[in-house]
Amino acid sequence: MRRAIYPGSFDPVTNGHLDIIERGCKLFDEIIIGILVNPEKTPFFSIEERQEMLTEILMDLSKGGCNVRVDSFRGLLVNYAVAQEANAIVRGIRAISDYEYELQMALMNRRLEPSIETVFMMPAETYSYVSSRLVKEVFQLGGPIDALVPPLIEKRMKEKMNKV
Ligand code: PNS
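Thresholds applied
Residues numbered from 1 in each chain as written. Predicted model: local features only at pLDDT ≥ 70, side-chain atom pairs only at ≥ 80, totals over all residues. Heavy atoms only, no water. 1 Å grid on protein atoms, 1.4 Å probe; cavity = no way out; pocket = protein on both sides within 12 Å on 5 of 7 lines; lining within 4 Å. Points joined across faces, edges and corners; volume = space filled by probe spheres on them. Helix = DSSP H or I, 4+ residues; strand = E, 2+ residues; numbered from the N terminus. Nonpolar A, V, L, I, M, F, W, Y, C, P; charged D, E, K, R; others polar.

Student: Just to check I follow, could you spell out the layout of surface pockets for this structure?
Tutor: The gaps of empty space that remain are located by a probe, the size of a water molecule, rolled over the atoms. One number sums up the size of the largest pocket: a volume of about 1300 Å³. Along its surface, the largest pocket is lined by 48 residues, and Gly8, Ser9, Phe10, Lys41 and Arg91 are the ones closest to its centre. Of all the secondary-structure elements, those providing two or more residues to the lining of the largest pocket are β1 (3-8), α1 (15-27), α2 (47-57), β4 (88-92), α5 (96-112) and α6 (132-140). With 8 residues, α5 is the single largest residue contributor to the lining of the largest pocket. Across the lining of the largest pocket, the residue classes break down as 24 nonpolar, 14 polar and 10 charged. Taken as a whole, the second largest pocket encloses approximately 180 Å³ of empty space. Around the second largest pocket, the lining residues are Leu18, Glu22, Glu56, Ile57, Leu58, Met59, Asp60, Leu61, Lys63 and Pro150. Every element with two or more residues in the lining of the second largest pocket is listed here: α1, α2 and α3 (59-63). Ranked by the residues each element gives to the lining of the second largest pocket, the list is headed by α3, at 4 residues.

Listed below in structure tokens is the structure:
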């Protein structure tokens, strides 16, 4: 059983994240989406909202045979990965600019827990510029985000901002 954790803030989940999950499903028997509970950040969506939306969005992938579930965690990622009996951590790399930070994290995680491998995956080029941070910025300034996030996310973002 090859189990991977796909950790992140997912605030909100983007089409780039979903692309990585879909690709990860081909490599792993199970993927656990681990949403980081970060008390220091003020998120757009609460942990509960992100967990609920991701679960709904991933239903189609699950029906298609992708073994994926959504969870949240606090503290060190590697401790969570060990507790979940995972073999790997999946991270998406969009451009070389992501690499430096991701490499640093991967090597630190390896030092903390040598039994867990980090696997870097590349999303489709279409999503190479998509990030949760930019999606929020564009949305808050009134720009269109329909091709960047699943329809449910756009709907919930509009609801939150009282735009519907
Ligand atoms: O989507 P993000 O915000 O880029 O994800 C970052 C995340 C959640 C992968 C990273 O912040 C993390 O793993 N946090 C947990 C705390 C931890 O283990 N820190 C040491 C990492 S080297």
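There's plenty left to go through after this.
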